[in-house]
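Listed here are the chains, written in short residue letters.
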Amino acid sequence: MANLNDLANDMDKLLVRLDSFAKQTVKDAALSIMSDLVQVTPVDVGTALSNWQLTLDTPAEHVLTAYEPALRGRNVKGVWTHRVDPALTAQANVAPTLDAAKVVLAERQKGQLVFITNNLPYIRKLNDGSSDQAPAGFVDRAVILGNQVVQAAKL
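Student: It is not clear to me how the overall build of the protein should be interpreted in this structure. Could you clarify?
Tutor: In terms of regular secondary structure, the protein is built from five helices and four strands. Helices and strands appear in the protein in the N-to-C order α-α-β-β-β-α-β-α-α. The 155 residues of the protein split such that 34% are buried. Expressed as a percentage of contacts within the protein between residues at least 6 apart in sequence, the contacts between residues at least 24 apart total 70%. If you sum the accessible surface of the protein, you get close to 9800 Å²; carbon and sulfur atoms cover 57% of it.

Student: Help me understand the packing of helix 1 (residues 4–40) against helix 5 (residues 138–152), please; the structure alone is not making it clear to me.
Tutor: Two measures define how a pair of helices packs: the angle their axes make with one another and the distance between the axes. Interaxial distance between helix 1 and helix 5 falls to 8 Å at its minimum, and their mutual angle equals 155°. With respect to helix 5, the axis of helix 1 lies roughly antiparallel. Relative to helix 5, helix 1 is oriented so that their crossing is right-handed. For the pair helix 1 and helix 5, contact is made by T25, D28, A29, S32, I33, D36, L37 and V40 and by F138, V139, R141, A142, V143, L145, G146, V149 and V150, respectively. Of the residues in the contact of helix 1 with helix 5, the class split is 11 nonpolar, three polar and three charged.

Student: Could you clarify how one ought to interpret the pattern of salt bridges in this entry?
Tutor: Opposite charge on two side chains makes pairing possible when the charged atoms of those side chains draw close. Overall, the coordinates contain two salt bridges when judged by the stated rule. Ionic pairing is found between D36 and R141, a salt bridge with its closest N-O pair at 2.4 Å. Highlighted residues: D36 in helix 1 and R141 in helix 5, separated in sequence by 105 residues. Residue class for R141 comes out partly exposed when judged on its relative accessible area of 42%.

Student: Please clarify how the pairing of strand 1 (residues 53–56) should be interpreted in this entry.
Tutor: Side chains on a regular strand alternate between the two faces of the sheet. Going residue by residue along strand 1, you find Q53 and T55 tucked away on one face and L54 and L56 tucked away on the opposite face as well. Inspection of the sheet shows strand 1 paired to strand 4 (residues 114–117) by four bridges, in the antiparallel sense. Paired with L54 across the bridge in strand 4 is I116.

Student: Even after reading the chapter, I still don't get the nonpolar core, so can you show me in this structure?
Tutor: A general feature of soluble globular proteins is that nonpolar side chains tend to end up buried together. M34, L37, V38, L49, W52, L54 and F138 are the most contacted members of the largest nonpolar core, which totals 24 residues. Those elements giving two or more residues to this core turn out to be helix 1, helix 2 (47–50), strand 1, helix 3 (86–107), helix 4 (123–127) and helix 5. When sequence neighbours within four positions are dropped, the list of residues in contact with V38 reads L49, W52, V94, T97 and L98.

Rules and cut-offs
- Every residue gets a number counted from 1 within its own chain, in the order that chain's sequence is written.
- With pLDDT at 70 or above as the cut-off, local features in this predicted model cover only qualifying residues; side-chain atom pairs require 80 or more to be listed or tallied, and sums for whole chains, interfaces and linings still use all residues.
- Excluded from the side-chain calculation are hydrogens and water; included are all heavy atoms of the structure.
- In this description a helix means any DSSP run of H or I spanning at least four residues, a strand means any run of E spanning at least two, and both kinds are numbered starting from the N terminus.
- Burial here depends on accessible area, computed with a 1.4 Å probe over protein chains only, as a share of the maximum for the residue type. Under 20% is buried, over 50% is exposed, and the range in between is partly exposed.
- Any two residues whose heavy atoms approach within 4.5 Å are treated as being in contact.
- All accessibility values rest on the Shrake-Rupley procedure with a 1.4 Å probe; residue burial counts only the protein chains present in the view.
- With axes taken as lines fitted to C-alpha atoms, and helix axes fitted only over the stretch in contact, angles between N-to-C directions fall between 0 and 180 degrees.
- Orientation categories follow fixed angle ranges, with anything under 35 degrees roughly parallel, anything over 145 roughly antiparallel, 65 to 115 roughly perpendicular, and all other angles oblique.
- By definition, any crossing whose near helix is turned counterclockwise from its far helix by less than a right angle is left-handed, and any crossing with a clockwise turn is right-handed.
- Just so you know the grouping, Ala, Val, Leu, Ile, Met, Phe, Trp, Tyr, Cys and Pro go in nonpolar, Asp, Glu, Lys and Arg go in charged, and all remaining residues, Gly too, go in polar.
- Within this document, salt bridges are pairs made up of a side-chain nitrogen of Lys or Arg and a carboxyl oxygen of Asp or Glu, the two lying within 4 Å of each other.
- A strand pair is defined by DSSP finding two or more bridges across the two strands.
- Buried Ala, Val, Leu, Ile, Met, Phe, Trp, Tyr and Cys residues that are joined via side-chain atoms within 4.5 Å together make up what is termed a nonpolar core.

Below you can see the structure in the form of structure tokens.
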């Protein structure tokens, strides 16, 4: 027969599970957003992609340099269109950007706010559809995907 002590113990166990569940859900949602952003952000030399910064408690305030690969241009129909190949640049920038986010999330403590920021002055223009590499609203889409992760989470 259960008594009040058993109930208290069950509640303590549930609280521990709830804390772990909440921490994992925040991590999963943030990584979902970051992952989508770095996959769909238009790339030339990688600056926009590399500037998705995940921070705790306050938004990032600075602009980062892209993890640019060795210079290797792209030749399209006999014309050099880029000083670096955007596909190679994207490949070189995705992993370091996501790895930096994972490091920050691993340090997150209960109650800390998570911010995902891009401080480039032209990121809004890219999100508005100025590049034919990504449709308008790619930031909004990433947030929707993160919300779906939260809504699908089950304790």
